[in-house]
Amino acid sequence: MKAPPGAPRLVVRLRSERLTALGFDPVDVLDTIQTAYQGAVAAQVYRQNQTTTVAVILDEASRRDPRAVGQLMLSSATGLRVPLRELADVFLTSGRYSILHEGARRRQTVTCHVDGRDVQSFVADARRAIAAQVSLPAGMYVEYAGAAQAQRAATRELLLHSAIAAVGILLLLFVVLGNWPNLLLVLVNVPLALAGGVLMVYLVNLFGAPGAGTLTMGALVGFVTLFGITTRNAIMLVSHYDHLVTREGQPWNLATAIRGASERLVPILMTAAVTALGLLPLALGSGEAGREIEGPMARVILGGLVTSTLLNLLVLPLLALRWGRWRARE
């Protein structure tokens, strides 16, 4: 919750030396000021069974103008009439009508909007600058909250859940593929996709709007999603190699590697193309309001799809030819 701003306030500060010199009683002056601002009952009018109260008060325009308040005429006990500005200092200031508390302690909130860079690095620089240049009195301390803290917690939670899911996926893939070399062939596609996603973030940061290429929560979600998509394409190719060797009895050689890649060319390209076409509107309109998560996610996935698809069809068959392990069934 943000601390409320100061409310405008009109201050009338009596000058005791002037009151004594001119023979004015401070209580009478304060009563007059109270009457001018809050009103005072002057009489009552009775009309049949209705009673109407008559009050006197300074007009609204004069109550808002410090100069008009300073011209308010006051009378002393001796009949001397002087304006209020001769007896007091009248000026406008601001005061707080609400002071925030938390845990029986006063709290003041300072907010800012970060533009052109990521929130995490800004908070790190702010911590160092405040620690080096700001000296707080005893009993006061600084806490950092808001988007940076929420993003840090969300990132930690996302990485934890992704690691748990990755362990489960690796176990399932090992059970299906049956050996570690083939499992590593599937995982080779992950750094290939990572290179494309990182390259896209760099290019957006280089040629896009300031701060558009920062590693946000949306970009992290995009990397996790990209790993799933590219792993599926690798599984599609490796499983087809396994089918050619173990089911159809083909010898594992260069011709079989080329045949498997050519037969899986259309499914892999269609998967990448459909995903890219679906994400293209989000990537192009990533600067619009409401797309703070979808925009960076779409850019990362598009960049990773380009590199992973090309390298999946060119590099992975060569790696499979060298390290792939399949054995034809008798």
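Residues numbered from 1 in each chain as written. Predicted model: local features only at pLDDT ≥ 70, side-chain atom pairs only at ≥ 80, totals over all residues. Heavy atoms only, no water.

A. Structural context of the nonpolar core. Counting residues in each nonpolar core, the largest one holds 18 residues, and the members touching the most others are Leu 185, Val 186, Val 238, Tyr 241 and Trp 326. Looking at this core, the elements with two or more residues in it are helix H6 (147-177), helix H7 (180-207), helix H8 (217-247), helix H9 (254-263) and helix H12 (316-323). With six residues, the top contributor of residues to this core is H8. Counting 15 residues, the second-largest nonpolar core is a separate cluster that includes Ala 272, Leu 279, Ala 298 and Ile 301. (Core = buried A, V, L, I, M, F, W, Y, C linked by side-chain atoms within 4.5 Å. Buried < 20%, exposed > 50% of the residue type's maximum accessible area, 1.4 Å probe, protein only. Helix = DSSP H or I, 4+ residues; strand = E, 2+ residues; numbered from the N terminus.)

B. Molecular detail of H8. If you check H8, its first and last C-alpha atoms are 44 Å apart, about what 31 residues at 1.5 Å a residue would give, namely 45 Å. Of the residues flanking the end of H8, it is Gly 249, one or two places downstream, whose phi is positive at about 75°. (Expected span 1.5 Å × (residues − 1).)

C. Broad picture of helix H2 (residues 26-38). With 13 residues, H2 extends 18 Å from end C-alpha to end C-alpha; this agrees with the ideal 18 Å at 1.5 Å per step. Those residues of H2 not exposed but buried are Val 29, Ile 33 and Ala 36. Along H2, the residues classed as buried sweep out an arc of 60° about the axis, all on the same side. Buried residues along H2 sit in contact with strand S1 (7-14), helix H1 (16-22), helix H3 (60-64) and strand S4 (73-75). After H2 finishes, the residue Gly 39 shows a positive phi value of roughly 85°. (Arc of directions from axis to C-beta. Contact = heavy atoms within 4.5 Å.)

D. Spotlight on the packing of H8 against helix H11 (residues 294-314). One can describe the packing of H8 onto H11 by two numbers: an axis separation of 8 Å at closest approach and a directional angle of 25°. Here H8 is positioned roughly parallel relative to H11, judged by the angle of their axes. Crossing of H8 over H11 shows right-handed handedness. The segment H8 lies against H11, with Gly 218, Ala 219, Val 221, Gly 222, Phe 223, Thr 225, Leu 226, Ile 229, Thr 230, Asn 233, Ala 234 and Leu 237 engaging Pro 296, Met 297, Val 300, Ile 301, Gly 304, Leu 305, Ser 308 and Asn 312. The residue makeup of the contact of H8 with H11, split by class, is 12 nonpolar, eight polar and no charged. (Axes fitted to C-alpha atoms, helices over the stretch in contact; angles between N-to-C directions. Parallel < 35°, antiparallel > 145°, perpendicular 65-115°, else oblique. Left-handed = near helix turned anticlockwise from the far one by under 90°. Nonpolar A, V, L, I, M, F, W, Y, C, P; charged D, E, K, R; others polar.)

E. Up close: the pattern of salt bridges. Considering all chains together, one arrives at five salt bridges under this definition. Between Arg 259 and Glu 248 there is a salt bridge, and its shortest N-O distance comes to 3.0 Å. Of the two residues, Arg 259 is situated in helix H9 and Glu 248 in the loop between H8 and H9; the sequence distance between them amounts to 11 residues. What makes Arg 259 partly exposed here is its relative accessible area of 30%. One connected set of salt bridges, linked through shared partners, spans Glu 248, Arg 259 and Glu 263. (Salt bridge = Lys/Arg side-chain N within 4 Å of Asp/Glu carboxyl O.)

F. Spotlight on the pairing of strand S2 (residues 40-47). S2 sits mainly on the outside: zero of its eight residues count as buried. Strand direction decides the pairing type here: S2 and strand S3 (residues 50-56), joined by seven bridges, are antiparallel. Across the sheet, Val 45 pairs through a bridge with Thr 52, a residue of S3. (Pairing = 2+ DSSP bridges.)

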